[in-house]
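Analysis of the macromolecular model
Below are the chains, spelled out letter by letter.
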Amino acid sequence: MFDDVHNIRDEPEVEFHMVVPEYSTYKDLHADQTIPAVTMERLQDFLSACYTNFNPKVADLYKGRYIQYVRTAVHENLVYVTSSVWAKMKKTVSYKVDASLTKDGVVSESQCECAAGQGPAAHCKHVITVLFALVAFCKDGELLTDLT
Ligand SMILES: [Zn+2]
C-alpha cells in the first residue's frame, strides 16, 4: 500500500503547456487597439495569488525596452498575449512569454520559457514585465518595445 503511494510521488511531473491559438492569428499590439483593462491592481492580485510581490525592477526592464514585441489574439472569451523578452542586458538570449486574460483583465494563465516560468501561473520577471507592459499600455496608450 505504501509502495503505491511512493510510486505515484516518483512519477515525473508532466510539463505544463498552455493551449494557445495559432501563432499566425496573433496581431501586433498597436495604439488604437482595445485590450482588457489590465490595471496595477489586477497585477497585484495576480502576484498575491502567486504569493509574491511586485518587484520594482520589472518597471526598469520595461522602460529599458527588454520587450521585443507584444502580440494578441482573441479566442473563446480570452485575450491571448504572446511576447518575447530579452533575458539580459546583452540582448542575445530571449524568452517567449504567453499569457491569457479574461475580458475583465484578470490573468487566466501564464507561462515563460525560462527555468522559473512553468505555467499555468508563471510569475517570473519576464511574465511580470509583459503584464506590466500591458498595464502601461492601458494607462499610456503606447507600448515601449525594443523594435520601436
Ligand atoms: Zn521567465
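Predicted model only: the values in this text are computed from it and were never measured.

So, on to the overall build of the protein chain. Helices and strands together make up the secondary structure of the protein chain, namely four helices and five strands. Mapped from its N terminus to its C terminus, the protein chain presents α and β elements in the order α-β-α-α-β-β-β-β-α. In terms of overall size, the protein chain behaves like a compact globule, its C-alpha atoms giving a radius of gyration of 16 Å where 148 residues would be expected to give roughly 15 Å. Each principal axis of the C-alpha atoms in the protein chain carries an extent, and together these give about 60 × 35 × 30 Å. When each of the 148 residues of the protein chain is scored for burial, the buried share is 28%. When contacts within the protein chain are restricted to residue pairs at least 6 apart in sequence, long-range pairs at least 24 apart make up 60% of them.

A separate point is the UniProt feature "domain: SWIM-type" (unreviewed entry) in the protein chain. Mapped onto this structure's residue numbering, the UniProt feature "domain: SWIM-type" (unreviewed entry) falls at residues 95-135. The annotated region residues 95-135 carries 27% helix and 34% strand content, and the separation between its end C-alpha atoms amounts to 20 Å.

This part takes up the pairing of strand E3 (residues 78-86). For E3, a buried count of eight out of nine residues is recorded, marking the element as mostly surrounded by other parts of the structure. Alignment of strand E2 (residues 67-75) against E3, held across eight bridges, turns out to be antiparallel. Residue Thr72 lies in a different strand from E3, and its bridge partner there is Val81. Remark: two residues form the turn of the hairpin made by E2 and E3, two consecutive strands paired antiparallel; Glu76 in that turn has positive phi of roughly 45 degrees. Two elements, E3 and strand E4 (residues 94-102), share nine bridges in a ladder whose sense is antiparallel. By the bridge assignment, Trp86 is partnered in E4 with Ser94.

Turning next to the environment of Leu143. Note that Leu143 resides in the segment after helix H4 (125-140). Judged by local crowding, Leu143 falls into the partly exposed class, with 19 C-beta atoms found within 10 Å. Counting along the chain gives 114 residues from Leu143 to Leu29, while the straight-line C-alpha distance between them is 8.2 Å. Excluding residues within four positions of it along the chain, Leu143 makes contact with Leu29, Val70, Ala133 and Phe137.

A word on unusual backbone geometry. The amide bond that connects Gly119 to the next residue, Pro120, takes the cis arrangement and shows omega of 10 degrees. Mapped onto the fold, Pro120 is located in the loop between strand E5 (107-112) and H4. Despite not being glycine, Tyr51 shows a phi value in the positive range, around 55 degrees. Checked against the element boundaries, Tyr51 lands in the loop between helix H2 (40-49) and helix H3 (57-63). Located in the positive-phi region is Glu76, a residue other than glycine, with phi close to 45 degrees. Here Glu76 lies in the loop between E2 and E3.

Turning next to the environment of Ile67. With respect to the helices, strands and loops of the structure, Ile67 is situated in strand E2. Taking the number of C-beta atoms within 10 Å as the measure of exposure, Ile67 has 25 and is therefore buried. Along the chain, Ile67 and Trp86 lie 19 residues apart, while their C-alpha atoms are 6.4 Å from each other. Those residues within four positions of Ile67 in sequence are excluded, and the remaining contacts are Tyr62, Ser83, Val85, Thr129, Val130, Ala133, Thr145 and Asp146.

What counts and what doesn't
- Per chain, the residues get numbers from 1 upward, laid out in the order the sequence is written.
- Local features in this predicted model are restricted to residues whose pLDDT is 70 or higher, and side-chain atom pairs enter the listing and the counts only when it is 80 or higher, whereas totals over whole chains, interfaces and linings include all residues.
- In this text, helices come from DSSP runs of H or I with a minimum length of four residues, and strands from runs of E with a minimum of two, each type numbered from the N-terminal end.
- It is over C-alpha atoms that the radius of gyration is taken, and the globule rule equals 2.2 Å times the number of residues to the power 0.38.
- Remark: C-beta atoms are placed from the backbone, and a residue is labelled buried if 20 or more other C-beta atoms sit within 10 Å of its own, exposed if 12 or fewer do, or partly exposed between those counts.
- Note on contacts: residues are paired as contacts if their backbone-placed C-beta atoms lie within 7 Å.
- UniProt positions are given in the numbering used here, feature names are shortened, and annotations may be inferred rather than shown by experiment.
- In this analysis, strands are considered paired if DSSP registers two or more bridges between them.

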